[in-house]
Amino acid sequence: MFAAKASDAANGTVTRAIAVTLRARRRAPPRPYPVKKFKSFSDVIAQRKAEARRSLVVQVNSETSFNELYGYCSKYASIKDIHHYRNSEKEHFMLIEFETEENVKEVIKACSSHQKDVDVMPIESPFLWFRAAVNKKELHSCLKTKKLATKDGIEPIDDDLLYEELLNCETVTQQIQHLYERTKLNDLGVRLRYMVARQFEIIFKSLYANVAVQPFGSSVNGYGRMGCDLDLVLSNVITEEMSDARRRLVYQEKREECAGGGRGGARQLELLGMLLELRVPGAGAVRRVLAARVPILKCTHHLAALHCDLAASNTSGVYMSELLWQLGALDPRVRPLIFVVRRWASAVGLTNSHPGRWITNFPLTLMVLFFLQQKRKSGFILPSLKLLVDRAGKEDIRIAEENINCTFLRDLNKLPHEEYGQSDEDLHTLLLQFFEFYAQFDFKEYAISINKGVPIRKPNALPLYIVNPLEQALNVSRNVSYEECERLRAEVRNAAWLLEEGLEGKKSDDWGVLRLIERKDSRSLKQLLKVGNSHRLVSVKDLFNEDDEDVPVTKSKKTDAEVDKSVKEMSRVTVEKKEQKIKFKNSQIANEVYRIRRNKIV
Ligand code: GTP
Ligand code: MG
């Protein structure tokens, strides 16, 4: 069983790593997965951005508005596909992708605004709504052959159903793969995130020259789950042509910007926050987090059903996402493994959606990548970042703000095949090895660094040290307390034990990864709800009276102010209302459900 001790790995690592690489090259062991042609991150991003420029999001009455909307828009443009989704208030939306960008311009030209309401100042944005036809003669319809590409497209899988499906998998490897397939951010989720980025960009372009709004973080790095937050950065786009000194006409600047600390400064963020509040349809509940290392604006976007974090300068965050995406693309086991580890960490309470003295998903992801860089008998699953830096060419040079060097190989097709994807361990083995590796890792003496891919001596006594790959003097887990680090060590040990124990003998109703990813509190509820010896559970729906189920659907259009208010209050009110309304058939179960709900609200 593979479980390199940190101290072992740290001694003489360079020579041994080279020796192993050479041996691996000589032997060229059989690859578990065929070598594929890699697309570049920038191609994927460019494709998604182009898709967003060809798309519009239209609020409609229900999914049956499809025919009418299709017929109406076809008058102006040719439609590629229409995707349907509902937001958290159960309002209906259609994301329409047209054949060309010109098509979108034609449709936008034909847009109307609230003429009756003089207080409402409409704004040109890719988020629209579909007004009811004035008379029946205007009703349109589309060919019967045209169908919605997606219905209810951003609804995450229900936990009970997911667990049932995992229960029915044959192997732990299948469970991990299935968990990944069923919970990863889907195509519509990605499209919507690019629509929001485009909407923000259109509005900010009215104030700043040569800017772009780019998604980064889990929305684009390949590790995002359905419903993940959208991290955005407003960055300068300066092409070589623009900085050509022969261009003699130059924009005048607003010198006062410097007083506010440039675009990333507090006053500029204040302005962006006001813009989001006043001029961006859908955006609301804006909060300024200025004390963070990278100051951000937080907001909700109720039309796209997501939460956003907007930074005014953090290009290195985009390059970091590119790096993480590339490592995930190199071997098909990387993303499923990171998904199951992230899910496990959330289930055992190691990670938490609130900031605090605990580890977050980003450093946790680095821990998994680091583990996959460890040498094993047949070679390496992932290369070190150093290798990607060493192989970078002129075309890969990227310098982010504050001179952060983000240069590394971008074209993965140039990476020798023997440098990655060499081991044939399945996901089950890798997950167990991951827990065992960190159960034995010497967190006291060593830091985790994906730059060299081997443990390095800690430069200080902080409990957990995970080197920021692009700014190696920084520790991305500097916030983690001693207690949280100890808890991490205890939980990896426990997970290794649970995973091994769960495979002995007959498959129980929480076999394999189920016992790692089910929350402890819902596990105790599950015991309560078990029907006899059967694996089947009483459906949670059966616990409630029928009339408690439906949350009324808002049909009327709201003003932004109303919507903002409702977004702010949404979670509190929904929870309060439900707690008042729900009548349980069984008081013991009721108590348990209330306890779990309370825990979820925090
Ligand atoms: P979730 O939002 O939890 O799904 O994951 P995420 O990867 O998006 O993490 P998060 O939203 O916390 O951060 C967004 C991105 O910012 C990450 O993917 C990193 O690229 C970057 N990032 C996060 N934390 C740090 C940090 O401590 N230092 C640096 N330099 N970058 C960070
Ligand atoms: Mg994020």
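Bear in mind that the values here come from a model prediction, so they are computed numbers and not experimental data.

Chemist: Please clarify how the overall build of the protein chain should be interpreted in this entry.
Modeler: Along the protein chain, the regular secondary structure elements total 19 helices and 15 strands. Scored against the burial criterion, the 602 residues of the protein chain give a buried share of 47%. Accessible surface, the protein chain as shown: approximately 31,200 Å² in total, 52% of it carbon and sulfur.

Chemist: It is not clear to me how the site of ligand 1 should be interpreted in this structure. Could you clarify?
Modeler: Around ligand 1 there are 14 residues in total, and Ser 218, Asp 231, Arg 293, Asn 361 and Asn 468 lie nearest to it. One of the side-chain N or O atoms of Asn 361 is found 2.9 Å from an oxygen atom in ligand 1. Separating a nitrogen atom of ligand 1 from a side-chain N or O atom of Asn 468 is a distance of 2.8 Å. For ligand 1, the accessible surface in isolation is 610 Å², of which the surrounding protein chains cover 78%. A breakdown of the residues in the shell around ligand 1 according to their chemical character gives four nonpolar, six polar and four charged.

Chemist: Even after reading the chapter, I still don't get helix α15 (residues 482-501), so can you show me in this structure?
Modeler: Helical geometry: 3.6 residues make up each α-helical turn, so side chains three or four residues apart lie on a common side. For α15, built from 20 residues, the straight-helix expectation of 28 Å at 1.5 Å per residue is met to within 8% by its first-to-last C-alpha distance of 29 Å. By the burial criterion, the buried members of α15 are Glu 484, Cys 485, Leu 488, Glu 491, Val 492, Ala 495, Ala 496, Leu 498 and Leu 499. One face of α15 carries all of its buried residues, which in axial projection span an arc of 165°. Opposite the buried face of α15, at more than 90 degrees from it, the exposed residues are Tyr 482, Glu 483 and Trp 497.

Chemist: I would appreciate a short explanation of the packing of aromatic side chains in the present structure.
Modeler: Summed over all chains, the structure comprises 20 aromatic pairs. Centre to centre, the rings of Tyr 72 and Phe 130 are 5.7 Å apart; their planes meet at 55°, and the pair counts as tilted. A residue pair is termed long-range when its members are at least 10 positions apart, and Tyr 72 in helix α4 (residues 66-74) and Phe 130 in the loop between β4 (127-129) and α6 (159-167) qualify at 58 residues. A centroid spacing of 4.8 Å and a plane angle of 85° characterise the contact between Phe 437 and Tyr 438, whose relative ring orientation is edge-to-face. Grouping aromatic residues by their ring pairs yields a cluster made of Trp 344, Phe 370, Phe 371, Phe 434, Phe 435, Phe 437, Tyr 438, Phe 441 and Phe 443. Residue placement shows Arg 376 over the ring face of Phe 371; its charged tip is 5.2 Å from the ring centre. Here the guanidinium or amino end of Arg 410 rests over the ring plane of Phe 408, the centre of that ring lying 3.8 Å away.

Chemist: Please explain the packing of helix α8 (residues 187-205) against helix α9 (residues 266-279) as it appears in this structure.
Modeler: Each pair of packed helices gets described by two things: the angle between the helix axes and the distance between those axes. Orientation of α8 relative to α9, taken along the N-to-C sense of each, is 110°, at an axis distance of 11 Å. Our classification of the angle between α8 and α9 gives roughly perpendicular. The chirality of how α8 crosses α9 is right-handed. Along its contact with α8, which presents Phe 200, Ile 203 and Phe 204, the element α9 presents Leu 272, Leu 275, Leu 276 and Arg 279. Per-class residue counts for the contact of α8 with α9 are six nonpolar, no polar and one charged.

Chemist: So what exactly am I meant to see when it comes to the state of the cysteines here?
Modeler: Two cysteines joined by a covalent bond between their sulfur atoms form a disulfide. In the structure shown here, the tally under the stated rule is zero disulfides. Residue Cys 299 stays outside any disulfide, its sulfur separated by 4.1 Å from that of Cys 308, the closest cysteine. Residue classification places Cys 299 among the buried positions, given a relative accessible area of 5%.

Chemist: In this structure, what is going on with the pairing of strand β1 (residues 55-60)? I would like to understand it.
Modeler: Note on strand geometry: in a regular strand, side chains alternate between the two faces of the sheet. Counting buried positions along β1 gives six out of six residues, so the element sits mostly inside the fold. Both faces of β1 are covered, namely the face carrying Ser 55, Val 57 and Gln 59 and the face carrying Leu 56, Val 58 and Val 60. With six bridges connecting them, β1 and strand β3 (residues 92-98) associate as antiparallel partners. Note on β3: the bridge partner recorded for Val 58 is Met 94.

Chemist: Please explain the UniProt feature "domain: PAP-associated" (unreviewed entry) in the protein chain as it appears in this structure.
Modeler: Those places that UniProt annotates as "domain: PAP-associated" (unreviewed entry) correspond, in this numbering, to residues 428-459. Helix makes up 41% of residues 428-459 and strand 12%, with an end-to-end C-alpha separation of 34 Å.

Chemist: Help me out: how do you make sense of the sheet that holds β4 in this one?
Modeler: Backbone hydrogen bonds hold the strands of a sheet together, and the pairing may be parallel or antiparallel. The sheet built from four strands is open, its strands ordered β2-β3-β1-β4 with mixed pairing. Since the sheet does not close on itself, it has two edges, and those belong to β2 (79-86) and β4, each with one partner. The mean angle between the axes of side-by-side strands here comes to 25°, regardless of whether they run parallel or antiparallel.

Chemist: Just to check I follow, could you spell out helix α12 (residues 361-372) for this structure?
Modeler: Relative to the 16 Å expected for 12 residues at 1.5 Å per residue, α12 spans 17 Å between its end C-alpha atoms, a close match to the ideal helical length. Of all 12 residues in α12, 10 are buried, a share of seventy percent or more. Here α12 has its buried residues at Pro 363, Leu 364, Thr 365, Leu 366, Met 367, Val 368, Leu 369, Phe 370, Phe 371 and Leu 372.

Chemist: Before we go on, may I ask you to explain the packing of helix α11 (residues 334-347) against helix α14 (residues 427-440) in this structure?
Modeler: At a closest axis distance of 10 Å, the pairing of α11 and α14 adopts a crossing angle of 50°. Comparing the axis directions of α11 and α14 gives the class oblique. The two elements α11 and α14 meet at a crossing, and its hand is right-handed. When α11 is examined against α14, the residues Pro 336, Leu 337, Val 340, Val 341 and Trp 344 are found in contact with a partner set consisting of Leu 427, Leu 430, Leu 431, Phe 434 and Phe 435. Looking at the contact of α11 with α14, its residues break down into 10 nonpolar, no polar and no charged.

Chemist: Mind showing me how you'd approach the environment of Val 35 here?
Modeler: Mapping Val 35 onto the fold places it in the loop between α2 (13-27) and α3 (41-53). Note on Val 35: relative accessible area 35%, which makes it partly exposed. Residues Val 35 and Leu 330, 295 residues apart in the sequence, show an inter-C-alpha distance of 9.1 Å. Setting aside chain neighbours within four positions, we find Val 35 in contact with His 417 and Tyr 420.

Thresholds applied
Counting restarts for each chain, with residues numbered from 1 along the sequence as it is written. For naming, the first written chain is A and the first written ligand is 1, with later ones following in the order written. Local features in this predicted model are restricted to residues whose pLDDT is 70 or higher, and side-chain atom pairs enter the listing and the counts only when it is 80 or higher, whereas totals over whole chains, interfaces and linings include all residues. Working from all heavy atoms in the structure, the side-chain values ignore hydrogens and water. Numbering of helices and strands runs from the N terminus; a helix is a DSSP stretch of H or I covering at least four residues, while a strand is a stretch of E covering at least two. Partly exposed describes any residue whose relative accessible area lies between the buried limit of under 20% and the exposed limit of over 50%, with all areas from a 1.4 Å probe on protein chains only and scaled to the type maximum. The Shrake-Rupley method, run with a 1.4 Å probe, gives the accessible areas here. Residue values count only the displayed protein chains as cover. One heavy atom within 4 Å of a molecule or strand makes the whole residue count as near it. Identification of polar contacts relies on pairs of N or O atoms within 3.5 Å, with a donor-acceptor requirement for protein atoms, meaning one able to donate a hydrogen and the other able to accept it, and with residues adjacent in sequence counted only if both atoms are side-chain atoms. The residue classification treats Ala, Val, Leu, Ile, Met, Phe, Trp, Tyr, Cys and Pro as nonpolar and Asp, Glu, Lys and Arg as charged. All others, Gly included, are polar. Each residue after the first adds 1.5 Å to the expected span of a helix. What the arc covers is the set of directions going from the helix axis to the C-beta atoms. Each Phe, Tyr or Trp ring, with Trp reduced to its six-membered ring, pairs with another whose centre is within 6.5 Å; inter-plane angles below 30 degrees give stacked pairs, above 60 give edge-to-face pairs, and intermediate values give tilted ones. Counting as a charge over the ring demands two things of the Lys NZ or Arg CZ atom: a distance within 6 Å of the ring centre and an angle within 35 degrees of the ring normal. Think of each axis as a best-fit line through the C-alpha atoms, taken over the contacting stretch in the case of a helix, with angles from 0 to 180 degrees between the N-to-C directions. Here is the rule for angles: anything less than 35 degrees is roughly parallel, anything more than 145 is roughly antiparallel, 65 through 115 is roughly perpendicular, and the remaining ranges are oblique. Should the near helix be turned anticlockwise from the far one by less than a right angle, the crossing is left-handed, and should it be turned clockwise, the crossing is right-handed. Throughout, a contact is declared for two residues whenever any of their heavy atoms are within 4.5 Å. Whenever a pair of cysteine sulfur atoms sits within 2.5 Å, that pair is classed as a disulfide. Two strands pair under a simple rule: DSSP has to find at least two bridges between them. UniProt positions are given in the numbering used here, feature names are shortened, and annotations may be inferred rather than shown by experiment.

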